[in-house]
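So the chains spell out like this:
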Amino acid sequence: MIHPDRLTEPEAAASYDLKLVPALLLRAPDPQPPLTGRISLGAPVVRPLSAVQAAEGDEDWGDFLESQSARYDYLLLSLVCSFRPSPGGPPFTDAGIGVRLEAPGQPADRQPIAWSISPKRRTAPVAPSGSLTLTANLMLVDAGVEYTPHRAGREKLFVVGMGERDSDPEWRFTATPETPLVGDESLALIIRTPAGAPAQAHIAVAATVRERRLGLIPYRAELPPALRAVDLR
């Protein structure tokens, strides 16, 4: 039987307020202004995982890392996204956070991938716990409220993570009357990348708000350089 091990996430050094730029709408008489102060993103924290660290902590995933060390490195990337309410302003209906992984100069079959992602699916927001749970083969175990099918699929998913084993994982959030898109969300990736090769993570953020007069308006975030391209080494 595999016993999961706890990893404490290091705190991010900074948090960035994002500027949300609206899409051009033909039905709008005037261009919509950008939104500010509604979404912030913590500086991503990257932590290499090694068999030596696992052995020092008496953790179960050391053997797996040792077996992979000649070909691959494994990294933990974590960040926190904060959705803020706007009194009297339009609410978020949905949002998406994507990560594109890249190893410049490496062939297509040697690009980094999201080995595991968290959260994968939940029906309600969960406050960040500051720790992550890993299995012996470095799969992240979601904490908090899990998704379980209920009453012929009536449960509404609040967040869905997708793209495991691909180079472009993402999380999609959907607000419901019971779960508005407000608060902090902790996101994490285990990244598998070619051993010793430089690698980067490119982040993208988008959201949709509901205006009383114009309906749904999609926005994309203008990210600072520190978030647009994150050096994983």
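Higher on the page you've got the structure.
The shown structure was predicted, so the numbers you read here are calculated from the model rather than taken from an experiment. (Residues numbered from 1 in each chain as written. Predicted model: local features only at pLDDT ≥ 70, side-chain atom pairs only at ≥ 80, totals over all residues. Heavy atoms only, no water.)

For the chain, the count of helices and strands is three helices and 17 strands. Every one of the 233 residues in the chain was classed for burial, and the buried ones make up 45%. Counted over contacts in the chain with a minimum sequence separation of 6, partners at least 24 positions apart contribute 77%. (Helix = DSSP H or I, 4+ residues; strand = E, 2+ residues; numbered from the N terminus. Buried < 20%, exposed > 50% of the residue type's maximum accessible area, 1.4 Å probe, protein only. Contact = heavy atoms within 4.5 Å.)

So, about the packing of aromatic side chains. Scanning all chains against the criterion turns up six aromatic pairs. Cation over ring: R38 sits above F92, and NZ or CZ is 4.3 Å from the ring centre. If you follow R192 out to its NZ or CZ, it ends over the ring of Y72, 3.9 Å from the centre. (Phe/Tyr/Trp six-rings, centres within 6.5 Å; stacked < 30°, edge-to-face > 60°. Lys NZ or Arg CZ within 6 Å of the ring centre and 35° of its normal.)

The biggest cluster of nonpolar side chains holds 39 residues, and the ones touching the most others in it are I39, W171, F173 and V205. Of all elements in the fold, only β4 (39-42), β6 (72-83), β7 (92-102), β8 (113-118), β13 (170-174), β14 (183-194), β15 (200-211) and β16 (215-222) reach the threshold of two or more residues within this core. When sequence neighbours within four positions are dropped, the list of residues in contact with V205 reads L18, I39, L41, G96, I97, R220, A221 and L223. Judged by nonpolar contacts, the second largest core, of 18 residues, contains W61, Y72, I113 and I190. (Core = buried A, V, L, I, M, F, W, Y, C linked by side-chain atoms within 4.5 Å.)

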